[in-house]
Amino acid sequence: MDNTFFKKFAPKEPKFFPILNDIAAVIVSASELMIEFATHGNADNAEEYYTQIKTEERRGDTLHNQIFQELNNTFITPFDREDIHHLATQMDDVTDYINSAAKKVFLYNPKEMPEGAVELARLIKAGADTIQQAIRSLGDLKKSRKAIFEHCTELHRIENQADDIYETFLIELFETQKDGVELIKQKEIMQELEKATDTAESVGKTIKTIIVKYT
Amino acid sequence: MDNTFFKKFAPKEPKFFPILNDIAAVIVSASELMIEFATHGNADNAEEYYTQIKTEERRGDTLHNQIFQELNNTFITPFDREDIHHLATQMDDVTDYINSAAKKVFLYNPKEMPEGAVELARLIKAGADTIQQAIRSLGDLKKSRKAIFEHCTELHRIENQADDIYETFLIELFETQKDGVELIKQKEIMQELEKATDTAESVGKTIKTIIVKYT
Amino acid sequence: MDNTFFKKFAPKEPKFFPILNDIAAVIVSASELMIEFATHGNADNAEEYYTQIKTEERRGDTLHNQIFQELNNTFITPFDREDIHHLATQMDDVTDYINSAAKKVFLYNPKEMPEGAVELARLIKAGADTIQQAIRSLGDLKKSRKAIFEHCTELHRIENQADDIYETFLIELFETQKDGVELIKQKEIMQELEKATDTAESVGKTIKTIIVKYT
């Protein structure tokens, strides 16, 4: 008996939360690798670090595809679908920006790691941890509402700190770096790191929107 | 008696139009400040101008959040909701680009303001005025349909003018500016200004779409 | 008798497919012109090539508007509408990136065409051909399902090749090009070309999503 139809519409245990948790874990791993890379990276080991981070980025892609498949096979309202998809996409974007930063360090081979790269990488890691906690709490919205809001505020605070570091970096870079090529290298690497914290904040905003809608 | 339920679904006077008007007013103020900054800006007063523009940008953010709250608390169809949200977001983006331009003048501290920055700032102001008129007219769609279409055409015309200025600027910059660092500074500042006029045109397109749908 | 109401809701022969086919044809033409430009372009003929590509880009815009009008006048579900609109927009974006690359060659006037530009242009053309075949097959989904999936895989493969070329180009550029201004010119031109292949891959992903939904 072909029960595809019933399978498709039968209420299922939603598999979204485990996958969202896995995506959060990927951001954490990628950010940890980025701290290592920013701290110890040089021309000799850059490809090795980049390859490790790229592996995380691909894991993230696979998980993002899984969420997408799962959403298409589960009977939920289009608005829930849209929200979960949007959240997963933004979380994946954080890893993508970490990966872009790592890729640029490898491809551009700057004379030195940009001043402040380690600090930004640490803030990304702090954001990744916060996202992970918020996602874990999403499973029990009623109970964790307040805690989740605090995580979102924390992501905003982290982004502000990252902004300050990035701005200080830019002012100094444009004042002191007279070599245009080196300036481009350093600026673009830091830009990707800053975008990672930016996107982590956006994850917080999306979570907040979801909470407001459903509680 | 807890009448939250009734409150939420009772027809309300929509508060969207006053907020959209306020967002339009913020774009006008920010663009006026940008004209001042492009005309009189220098290393000494850059932070002061930037701070003033940033204040407008934050006002815009607050208003954008208000629209969002209002949309979540009002019983309207998802498609209307989406359109109004999209419009408010794009309007807010115009202010964001003005703010980014101002921020880059402050952070990068170029040797001189880019040739054409004042002209672009004036076009942004012209666009802001046009958006303001179009938003005011949205309150009475039937009567103002033709006028609103003209405002949208005007936004398109302004964008074309901005494009010409930006292209002339780029050709000259790449021909004459041999200092890579200074070239990056000037190019990026002008790029943000050009994106502001671009986004003002997108606001026009969104307004047009809304009119076509609802009249 | 005013039959506007009936006209609007009567089932119509969908005109989307012919327009999507036309948009695909525009990408093919633009990519062919870009191969020519990358192969034979110089300071004397750059404006001429750019003008030709711009003409294609405007044709694409007109077609994109037509799809949009058609969607607003046809009675289909919002989700179909959204999918078709998204597909048309992404296809149009491929042409836009080709146009941006051409524009930058014209505006920036680099000392020489970037190493690898011809190869990237050829990959864009291969992607454009693949998109054209996929769109043609969309008209008969049931029969062509497998073929369309293969076209999407091909678009992914092309994007990977383009990535490799772009990365090799960047490594070499940052190693050898000491003139910051020339580096910016070459980098930005190649970036637009790379984004064209990127977006062609996204077209493939969107087509895949549509197929999964409707078959």
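As the structure is a computational prediction, the values presented were derived from the model and not from experiment.

(A) View of the overall build of chain A. Looking only at helices and strands, chain A has seven helices and zero strands in total. For chain A, the α and β elements follow one another from N to C terminus as α-α-α-α-α-α-α. Principal axes of the C-alpha set define a box for chain A whose edges measure 70 × 40 × 25 Å. Residue pairs at least 24 apart in sequence account for 87% of intrachain contacts in chain A once pairs closer than 6 positions are excluded.

(B) Structural view of the interface of chain C and chain B. At the interface, eight residues of chain C touch ten residues of chain B. The residue inventory of the side of chain C that touches chain B, partitioned by class, reads four nonpolar, three polar and one charged.

(C) Spotlight on the interface of chain C and chain A. Contact with chain C, which involves ten residues of that partner, is made by eight residues of chain A. Within the residue set of the side of chain C that touches chain A, elements represented by two or more residues are helix H6 (141-176) and helix H7 (180-214) of chain C. Among the residues making up the side of chain C that touches chain A, the classes are represented as five nonpolar, two polar and three charged.

(D) Highlighting helix H3 (residues 46-73) of chain A. The end-to-end C-alpha distance of H3 of chain A is 41 Å, a good match for the 40 Å that 28 residues give at a rise of 1.5 Å each. What H3 of chain A keeps buried is the set Ala-46, Tyr-49, Tyr-50, Ile-53, Glu-56, Glu-57, Gly-60, Leu-63, His-64 and Ile-67 of chain A.

(E) The nonpolar core, seen in detail. Core analysis: the largest hydrophobic core is formed by 185 residues, its most contacted members being Met-34 of chain A, Met-34 of chain B together with Met-34 of chain C. Discounting chain neighbours no more than four positions away, the residues touching Met-34 of chain C are Ile-53, Ile-98, Ala-101, Ala-102, Ala-121 and Ile-124 of chain C.

(F) A look at the environment of Glu-115 of chain B. All names here are of chain B. Secondary-structure assignment places Glu-115 in the loop between helix H4 (78-108) and helix H5 (117-138). C-alpha separation for the pair Glu-115 and Gly-180, spaced 65 residues apart in sequence, amounts to 17 Å. Sequence-distant contacts of Glu-115, defined by excluding residues within four places in its chain, comprise Phe-169 and Glu-172.

(G) Focus on the relation of the copies chain C and chain A. Under the fitted operation, chain C is carried onto chain A by 0.0 Å of movement along the axis and a turn of 120°, and the coordinates agree to an RMSD of 0.0 Å. What the superposition gives is, in effect, a three-fold axis relating one chain to the other. The rotation axis passes nearest to the C-alpha of Gly-180 of chain C in chain C, at a distance of 2.8 Å. With a heterologous cut-off of 20% or less, the 10% of interface residues of chain C that recur at the interface of chain A puts this contact in the heterologous class.

(H) Main features of unusual backbone geometry. Residues and elements named next belong to chain A. One non-glycine residue with positive phi stands out, namely Asn-109, at about 50°. Along the chain, the position of Asn-109 falls in the loop between helix H4 (78-108) and helix H5 (117-138). In this structure Asn-109 comes out as partly exposed when scored by C-beta crowding, with 14 C-beta atoms within 10 Å.

(I) Just the relation of the copies chain C and chain B, in detail. Of the two same-sequence chains, chain C is brought onto chain B (RMSD 0.0 Å, axial shift 0.0 Å) by a rotation of 120°. Looking at the interface residues of chain C, only 12% of them are also at the interface in chain B, so each copy uses its own face.

(J) Spatial organisation of the packing of helix H2 (residues 16-40) of chain B against helix H3 (residues 46-73) of chain B. Residues and elements named next belong to chain B. Packing of H2 against H3 brings their axes to within 9 Å, and their N-to-C directions diverge by 165°. Between H2 and H3, the interaxial angle falls into the category roughly antiparallel. In this structure, the crossing between H2 and H3 has a hand that is left-handed. Between H2 and H3, the residues in contact are Phe-16, Ile-19, Asp-22, Ile-23, Val-26, Ser-29, Ala-30, Leu-33, Met-34, Glu-36 and Phe-37 and Tyr-49, Gln-52, Ile-53, Glu-56, Glu-57, Arg-59, Gly-60, Leu-63, His-64, Gln-66, Ile-67 and Glu-70, respectively. Looking at the contact of H2 with H3, its residues break down into twelve nonpolar, five polar and six charged.

(K) Inspection of the confidence of the model for chain A at higher detail. Residues and elements named next belong to chain A. Residues at a pLDDT of 70 or more form 92% of chain A, whose mean pLDDT is 90. In this model residues 1-13 is a low-confidence stretch, pLDDT under 50, and it forms four contacts with partners more than four residues away in sequence or in other chains. Model confidence for the complex: the whole-complex pTM is 0.88, and ipTM, which rates the interface, is 0.82.

(L) Region of the structure containing the environment of Glu-32 of chain B. Here Glu-32 of chain B lies in helix H2. Spatially, the C-alpha atoms of Glu-32 of chain B and Arg-81 of chain B are 31 Å apart, while their sequence positions differ by 49 residues.

(M) Broad picture of the environment of Gln-191 of chain C. Mapped onto the elements, Gln-191 of chain C comes out in helix H7. Separated by 108 residues in sequence, Gln-191 of chain C and Asp-83 of chain C have C-alpha atoms that sit 27 Å apart.

Conventions and cut-offs
- Residues numbered from 1 in each chain as written.
- Chains lettered and ligands numbered in written order.
- Predicted model: local features only at pLDDT ≥ 70, side-chain atom pairs only at ≥ 80, totals over all residues.
- Helix = DSSP H or I, 4+ residues; strand = E, 2+ residues; numbered from the N terminus.
- Contact = placed C-beta atoms within 7 Å.
- Nonpolar A, V, L, I, M, F, W, Y, C, P; charged D, E, K, R; others polar.
- Expected span 1.5 Å × (residues − 1).
- Buried ≥ 20, exposed ≤ 12 C-beta atoms within 10 Å, placed from the backbone.
- Core = buried A, V, L, I, M, F, W, Y, C linked by C-beta atoms within 7 Å.
- Least-squares fit on C-alpha atoms with pLDDT ≥ 70 in both.
- Axes fitted to C-alpha atoms, helices over the stretch in contact; angles between N-to-C directions.
- Parallel < 35°, antiparallel > 145°, perpendicular 65-115°, else oblique.
- Left-handed = near helix turned anticlockwise from the far one by under 90°.
- pLDDT = per-residue confidence, 0-100.

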